[in-house]
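Here is how the chains run, residue by residue.
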Amino acid sequence: MIFGLQPVVFFAFLSWPVTYIVVAVIMYFVMAKHDRKEEEWEKAYEKWQAQGGESK
Amino acid sequence: MTEYIVLGIYLVGMIYIGIYWSKRSKDSESYLLGGRKIGAVLTALTLQTTSMSGYMFMGGPAQSYKDGYFTLWYAVGDGGGAIFNVGILGKRMRRLSYYMGCLSPVEYLERRYPGPATRAIAGVIAIIFVYGYVLAQFLSAGKTMSALLHIPLPIAIIIGAGVIVFYTFAGGYLAVAWTDFFQGIIMVVSMVVIFIMAMSQVGGLTGLNESLTQIDPTITGMWGRGNIYMGQWGVVAGAVLIYLVGYMGLPHVVIRHMAMESPRLAKQTLLIATVWNQLFIFVPYIIGLMGIVLLPDLNDPEMVVLTLAYKLLPSVLAAIVLVAIMSAIMSTADAQLMLMGTMLGRDIYQRYVNKDATDKQLMMVSRVCILVVGLLSIVIALINPPGVFSIVIFSFSSLGSAFLPSYVCAVWWKKANTTGCIASMILGCATATTWAAFDLASVTGFHQFFAGIIVSILAMIIGSQFGKPTPKDVSDLVDRAACKTKIPAGLATANYKQIAPETSGVLTFLKESDFMRETGFQPV
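Residues numbered from 1 in each chain as written. Chains lettered and ligands numbered in written order. Predicted model: local features only at pLDDT ≥ 70, side-chain atom pairs only at ≥ 80, totals over all residues.

**Student:** Got a minute to help me understand the overall build of chain A in this structure?
**Tutor:** A tally of helices and strands in chain A yields two helices and zero strands. A compact globule built from 56 residues would reach a C-alpha radius of gyration of about 10 Å, whereas chain A, at 22 Å, exceeds it by more than 25%. Based on the C-alpha atoms only, the size of chain A along its principal axes is roughly 65 × 20 × 10 Å. Of all 56 residues assigned to chain A, the portion counted as buried reaches 23%. (Helix = DSSP H or I, 4+ residues; strand = E, 2+ residues; numbered from the N terminus. Rg over C-alpha atoms; globule rule 2.2 N^0.38 Å. Buried ≥ 20, exposed ≤ 12 C-beta atoms within 10 Å, placed from the backbone.)

**Student:** What should I look at first to understand the overall build of chain B in this one?
**Tutor:** Summing up its helical and strand segments, chain B has 25 helices and zero strands in all. Relative to its length of 524 residues, chain B is compact, with a C-alpha radius of gyration of 25 Å against a globular reference of 24 Å. Judged by the C-alpha coordinates and their principal axes, chain B covers about 90 × 55 × 45 Å. Relative to its 524 residues, chain B shows a buried fraction of 58%. Within chain B, contacts between residues at least 6 apart in sequence are counted, and of these 83% link residues at least 24 apart. (Contact = placed C-beta atoms within 7 Å.)

**Student:** Explanation requested: the nonpolar core in the structure shown.
**Tutor:** Most often, soluble globular proteins have nonpolar side chains that are buried together. Residues and elements named next belong to chain B. Membership of the largest hydrophobic core comes to 193 residues, with the highest contact counts inside it found for F138, V321 and M340. The element contributing the most residues to this core is helix α9 (residues 153-202), with 24 residues. Not counting residues within four places of it along the chain, the set of residues in contact with F138 comprises I157, A161, A333, S377, I378 and A381. (Core = buried A, V, L, I, M, F, W, Y, C linked by C-beta atoms within 7 Å.)

**Student:** What is the right way to read unusual backbone geometry from this model?
**Tutor:** Where the residue is not glycine, phi is negative for most of them; where a peptide bond is considered, it is trans in most cases. All names here are of chain B. Unusually for a residue other than glycine, D439 sits at a positive phi of about 50°. In this fold, D439 is placed in the loop between α19 (418-437) and α20 (440-444). Take D439: there are 10 C-beta atoms within 10 Å of it, and that puts it in the exposed class. Although it is not a glycine, C483 adopts a positive phi angle of roughly 55°. The topology assignment puts C483 in the loop between α22 (472-481) and α23 (493-499).

**Student:** Explanation requested: the interface of chain B and chain A in the structure shown.
**Tutor:** Interfaces are often described in size by the accessible area the parts lose on coming together. Contacts between the two partners involve 35 residues from chain B and, on the opposite side, 29 residues from chain A. Elements with a minimum of two residues in the side of chain B that touches chain A: α5 (72-79), α6 (81-99), α10 (204-215), α13 (266-280), α22 and α23 of chain B. Ranked by residue count, the leading element in the side of chain B that touches chain A is α13 of chain B, at seven residues. A class-by-class count of the residues in the side of chain B that touches chain A yields 17 nonpolar, 13 polar and five charged. (Nonpolar A, V, L, I, M, F, W, Y, C, P; charged D, E, K, R; others polar.)

**Student:** Even after reading the chapter, I still don't get the packing of α5 of chain B against helix α11 (residues 233-244) of chain B, so can you show me in this structure?
**Tutor:** Residue and element names in this part refer to chain B. Running from N to C, α5 and α11 cross one another at 35°; their axes reach a closest spacing of 6 Å. Read as a crossing pair, α5 and α11 show a hand that is right-handed. On α11, the residues that touch W73, Y74, V76, G77 and D78 of α5 are V236, A239, V240, L241, I242, Y243 and L244. Its residues assigned to classes, the contact of α5 with α11 shows 10 nonpolar, one polar and one charged. (Axes fitted to C-alpha atoms, helices over the stretch in contact; angles between N-to-C directions. Left-handed = near helix turned anticlockwise from the far one by under 90°.)

**Student:** What's the story with the confidence of the model for chain B in this structure? I'm lost.
**Tutor:** Parts of the model with low pLDDT should not have their predicted coordinates read in detail. Per-residue pLDDT for chain B averages 87, and the proportion of residues at 70 or more is 92%. Predicted as a complex, the structure gets a pTM of 0.86 and an ipTM equal to 0.90. (pLDDT = per-residue confidence, 0-100.)

**Student:** I'm lost on the environment of H447 of chain B in this one. Help?
**Tutor:** Residues and elements named next belong to chain B. Following the sequence through the fold, H447 ends up in the loop between α20 and α21 (448-463). C-beta crowding within 10 Å serves as the criterion here: with 25 such atoms nearby, H447 is assigned to the buried category. In sequence terms H447 and I242 are 205 residues apart; their C-alpha atoms lie 8.8 Å from each other. The contacts of H447, once residues within four sequence positions are left out, are G234, V235, G238, A239, I242 and A441.

**Student:** I tried to follow helix α1 (residues 7-14) of chain A on my own but got confused; where do I start?
**Tutor:** The periodicity of an α-helix, 3.6 residues per turn, causes residues three or four places apart in sequence to face the same way. Looking at α1 of chain A, one finds that the buried residues are V9, F13 and L14 of chain A. Viewed along the axis of α1 of chain A, the buried residues span an arc of 80°, placing them on a single side of the element. α1 of chain A presents P7 and V8 of chain A as exposed residues on the side facing more than 90 degrees away from its buried surface. Close packing links the buried residues of α1 of chain A with α5 of chain B. (Arc of directions from axis to C-beta.)

**Student:** Teacher, can you tell me more about the domain arrangement of chain B here?
**Tutor:** When its domains are assigned, chain B resolves into domain 1 (2-21 + 38-392) and domain 2 (489-519). Using only C-alpha atoms to locate each centre, domain 1 of chain B and domain 2 of chain B end up separated by 52 Å. (Domains from an automatic or database assignment.)

Set out below in structure tokens:
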């Protein structure tokens, strides 16, 4: 028993808050990494536009 | 008396926020989308409080009081809703809506899936079901105030809904976002305080579960009290999915992505919203379970949170819980009312009535629409005609099924076209609505959202194989929103330098040795 619940019930329902917070923290760092790449891309894109690249 | 004073202070505070932001909404973009200047904390809280209605204080705990742990399947999905919603849509939707110059989520769909039918169908579905939601929230606000403060229902509706209409009308999106922010704090603090106090009464989580097992072992089981849902995995899948992914289909929720100050704020928004979710979403259901132990003879399970508040907390704190319930209702109603004004102003008036409307005219018309819709809703809520409020029973599923594939595919699948979008909206909405209207869930074992979303996704995939392909200019914008537009190699060097820093030395060597100029070699 975990906190008075059968393990399967505990993991089915009450393990999620911790799981979601861990996933959110991982997502934060993954998205931060993507942000850095995208920032470089945006700079290159702007430079390209300034040089007469595709006009959108 | 304490309740009247606390509620009075709260309502005056909401009105003040409306007045404050009314002076700062200078143009239509600031009135309808907060000038796209909403920070991460504000976005996270307005996103989540808009998603959570009074159900979390009343309906949710009442369900767990009746069915036991089984009801937490809804919390399991809901708790991860922000991860899916912000993680999948946040950044890309913010970028694409900005590139396409959209102010409303219906306009966004029309520009992504060009064609007059897109806006007409999306507009009709959104207006019907969002309006149904507004009506239901107004009535809920009135009923809650009436029951808790012992005042006549008509007066309660006029006060509760009147304040929502006023601050939304006056301050627009910024007022809605800031009231949501304060309401979100009140909601989570109230819930956590009751949770801690009640937990100390039942002997902690272990004590609670042991007491529940003694009352009825099936309460702490997987399949509901009396195992009434035994083996119904279709119902479980629907219960989890509806809130895990369903918010991505609600126009009044996804518009929050469009108002973010920068796409880069999505990561903070995701983290803050997820932490808020864990504090707010699981707790009400567990409070419902604690009610089984602490309030075994409760006549109305919807009153479990409030009854516990009055039993365990000082009167001022109990009054704040009452305010928190009103906050949950108002934070949802204001967003829906705001969206009604946005759609009527931007998607109807500026599109069909006055195409050359100036910015000031658009802002004025949106304001008037909010006022008219709000006052009309108050009148209808006062009359309370039979049948009108049944719309809300399937509003969530119908909106989610209608729009979810269209919003997700808009930024993740550039081949998704107008035909697919229209087929997805019509068939998804029709399936979910029919399923709910004829209670097919009890016959088939599949939740209406589960059925609606499957049909909607299939319609999008199959429909997109027919009709005109996505126009090149739209397709290019989708690529740009995903930062996937191909840029000439010489300008994109920074990208692979960052991915593989060791290559920068090689690049410098190649440049300095004139190797690239002489051979014409360009790194890709």
